[in-house]
Amino acid sequence: MKIKRNTLLTLAALAVFYGLLALAENTLNTYWVRILNLCAVYTIFAVTFNLIFGYTGQFSLGHAGFAAIGAYVGALLTLSPAQKQANFFLQPILPFLANVEMPFLPTLIIAGLLAALIGSLVAWPALRLRGDYLAIATLGFSEIIRIFLVNWQPLTNGAMGLKGIPEYTNLYWSWGAAIVTIFIVKRLIDSSYGRAMKAIRDDEVAAEALGVNLFKHKIMAFAVSAFFIGVAGALFSNLISTIDPKVFLFTLTYQIVGITVMGGMGSLTGSAVAASLYTIFLELLRPIESQITIGSLMIPGRPGMRMVIFSLLLLFVILFYRKGLFGQKEFSWDWLIGFLRGKNRKMKTSQTLGSTGAADKENKS
Amino acid sequence: MSLLSLKSVIKRFGGLTAVNNFSTDLQPGELCALIGPNGSGKTTIFNLITGIYAPTEGKIFFDDRDISGKKPNEITRAGIARTFQNIRLFKGLNVLENVMVGHHLRLKSDPFSAVFQLPGYMAEDRKMHQEAYELLQAVNLAHLADKEPTALPYGQQRKLEIARALATHPKLLLLDEPAAGMNPQEAEELMEFILHILKNFELTIFLIEHQMRVVMGICPRIIVIDHGEQIAEGVPEIIQNDPRVIEAYLGVTENA
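Since the structure is predicted, the reported quantities are computational estimates derived from the model, not experimental observations. The residue numbering used here restarts from 1 in each chain and proceeds along that chain's sequence as written. Chain A is the first chain written and ligand 1 is the first ligand written, with later ones labelled in order. With the structure being a predicted model, the display of local features is reserved for residues of pLDDT at least 70 and the display and counting of side-chain atom pairs for 80 or more, all residues being used for whole-chain, interface and lining totals.

**Structural notes on the interface of chain A and chain B**
- On the side of chain B, 27 residues touch chain A, which itself brings 23 residues to the contact.
- Strands here mean DSSP runs of E at least two residues long; helices mean DSSP runs of H or I at least four residues long; both are numbered from the N terminus. Mapped onto the side of chain A that touches chain B, the elements with two or more residues apiece are helix H9 (171–190), helix H10 (192–202) and helix H11 (204–209) of chain A.
- At eight residues, the largest contribution of residues to the side of chain A that touches chain B is made by H10(A).
- We call Asp, Glu, Lys and Arg charged. Ala, Val, Leu, Ile, Met, Phe, Trp, Tyr, Cys and Pro are nonpolar, and the rest, Gly among them, are polar. Residues that form the side of chain A that touches chain B fall into these classes: 12 nonpolar, four polar and seven charged. Note that contacts rest on C-beta atoms placed from the backbone: two residues are in contact if these are within 7 Å.

**What to know about the sheet that holds strand E5 (residues 65–66) of chain B**
Residues and elements named next belong to chain B.
- Taking strand neighbours across the sheet as the criterion, the four strands line up as E2-E1-E4-E5 in an open arrangement whose pairing is antiparallel. In the strand order of this sheet, the two ends are held by strand E2 (16–26) and E5, each with one partner.
- Inspection of the sheet shows strand E1 (residues 4–13) paired to E2 by seven bridges, in the antiparallel sense. Counted as the bridge partner of Lys11 is Val19 from E2.
- Each of E1, E2 and strand E4 (57–62) touches helix H1 (residues 42–49); the most contacted strand, E2, lies at about 65° to it. Between any two strands, at least two bridges found by DSSP are needed for them to pair. Comment: axis = line fitted to C-alpha atoms, over the contacting stretch for helices; angle = value between 0 and 180 degrees taken between N-to-C directions.

**With respect to the sheet that holds strand E10 (residues 229–234) of chain B**
Residue and element names in this part refer to chain B.
- Read across the sheet, six strands follow the order E6-E7-E8-E3-E9-E10 without closing on themselves; strand pairing throughout is mixed. The open sheet has two edge strands, strand E6 (80–82) and E10, and neither has a second partner. Averaged over all pairs of adjacent strands, the angle between their axes in this sheet comes to 20°, without regard to strand direction.
- Of the pairings in the sheet, the one linking strand E3 (residues 31–35) to strand E9 (residues 221–226) comprises four bridges and is parallel in character. By the bridge assignment, Cys32 is partnered in E9 with Arg221.

**Re the nonpolar core**
All names here are of chain A.
- The term nonpolar core refers to a set of buried Ala, Val, Leu, Ile, Met, Phe, Trp, Tyr and Cys residues connected through C-beta atoms within 7 Å. Put plainly, a residue is buried at 20 or more neighbouring C-beta atoms within 10 Å of its own, exposed at 12 or fewer, and partly exposed in between, counting only other residues' C-beta atoms, which are placed from the backbone. Core analysis: the largest hydrophobic core is formed by 158 residues, its most contacted members being Val41, Ile44, Phe45, Ala67, Val231 and Ala232.
- Considering each element in turn, this core owes the most residues, 16 residues, to helix H2 (residues 30–55).
- Each residue touching Ala67, except ones within four places of it in the same chain, is listed here: Phe45, Ile229, Ala232, Gly233, Phe236, Phe248 and Leu252.

Structure below.
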């Protein structure tokens with residue numbers, strides 16, 4: 001009964017959410033719709049990072065690389081042949097890609113699968129490493145991908161990037177993908193496999209002594225993460241319609257790490273909330289990069305000022321709020337209902353106390 | 001037929017020989033202790049048996065299968081479980097989940113059916129929950145099932161670690177200093193507990209211990225090592241009076 005009630009509540013919440021998305025898609029201007037789309041993309045990034053680091057304990061910094069793979073697959077498979085010809089004016093595109101044009105759904109899936117495949121291939125040797133060494137290896141991988149993108153002109157159009165990518169991504173696609181990601185990652189970490197992953201995070205030696213195959217579970221976390229990062233990458237390129245290798249600098253990875261830390265390691269709710277807050281705040285802070293005049297004082301605009309604020313925010317979180325917004329807690333209906341009931345009970349008890357007090361007074365009089 | 005058999009096992013770390021030509025056999029159902037002064041190589045022997053280290057020379061057989069150089073998880077699968085000298089519980093999992101990790105190696109469902117909660121996985125998951133809970137009941141920890149392991153008193157953390165090892169359904173259990181840091185009363189309870197699981201779980205137990213009360217109290221056979229070499233073996237009375245054992249623990253008197 002209890003499980004059924006929660007499922008019903010979840011379905012109802014999803015329906016309401018769908019309604020809100022429809023409302024946003026139809027009433028908000030393109031600027032805000034794009035920001036909300038970005039929220040979803042960053043949510044996927046943060047949730048997948050949480051799976052690798054927050055739940056499996058593997059400090060991987062390869063997110064930008066996986067996202068780049070997804071983004072380029074997303075772009076190359078959806079660009080029309082005419083657009084491709086226009087993009088690749090220096091050197092023609094590889095022949096097998098010249099006439100490919102696919103609908104969005106298979107594109108997303110191929111983007112995810114390719115990222116997962118390359119992710120697993122990279123993880124194979126890299127996962128022999130632990131801690132900082134794994135971080136360095138995956139960071140290196142991410143940079144290698146970017147260097148490939150710059151130099152493999154017939155495939156990626158090099159540093160000029162790709163333009164005119166069809167803007168297929170809308171709120172239904174982006175948030176749909178985010179919800180599917182959260183659903184699958186949540187189910188995975190709650191399963192027996194997820195318990196094994198958390199065991200690896202807490203103590204590798206003990207986990208292995210209990211028969212957990214470290215390599216298999218780490219690869220699994222990596223592949224699932226890479227798949228959804230790839231999907232998010234494809235959503236991203238079909239959202240902003242212009243990509244070039246510079247988008248996928250390691251700063252993207254650091255942003256994702258920052259978001260996940262702010263949301264709370266080991267909390268998917270935290271990742272989603274922090275990703276949305278981060279994206280929206282970063283947009284709201286845009287004015288500080290332009291010229292500001294306070295009285296006679298004129299501060300010239302400095303691009304990048306927003307990242308200074310972001311860094312300060314991160315410092316603040318690390319110093320005073322180390323567990324992030326949610327720590328390891330998750331939002332759950334039981335918690336919400338318990339919270340509301342608790343409030344009601346308090347109100348009721350205070351009411352009954354008040355009434356008995358009144359009754360006492362009446363008796364005395 | 002012996003359950004575990006170490007044949008002339010040598011382990012060197014660079015120039016240091018931690019275990020030198022160590023051989024022993026454990027019979028099914030046996031309770032055997034491994035003792036020796038600090039740094040004599042006891043834990044190294046455990047690490048060799050459980051695959052954390054591979055022997056430099058020599059072979060280790062379990063159930064007549066060569067397990068030397070196999071990975072720790074493969075060895076656990078073969079039927080050897082262990083606990084650690086410094087307690088290694090999973091801090092992010094509750095008491096029940098800690099035990100359930102020990103059941104994971106028998107899970108047959110693939111990740112796909114786990115994520116989509118297909119009937120096959122759900123049945124296995126329910127069984128896993130139930131078995132883990134029964135195991136906690138058997139070791140008197142069931143009332144703490146949803147507690148954080150770090151919130152437990154020290155003695156119960158040790159017990160939980162043993163329960164978690166039992167969840168892998170081992171034939172051989174290795175206990176690395178189970179009574180470390182316990183007061184005499186707790187140690188007494190632990191001795192009873194060890195004898196209890198030895199009988200009820202059809203185990204063979206090999207344990208390292210420093211508290212002589214525990215070792216002499218319950219172990220019919222004791223192996224003593226020093227500098228990685230076996231110096232004595234036998235029943236407690238013989239060990240207590242063996243001059244080489246006394247020498248290893250207390251040193252030699254100068255005018256002897």
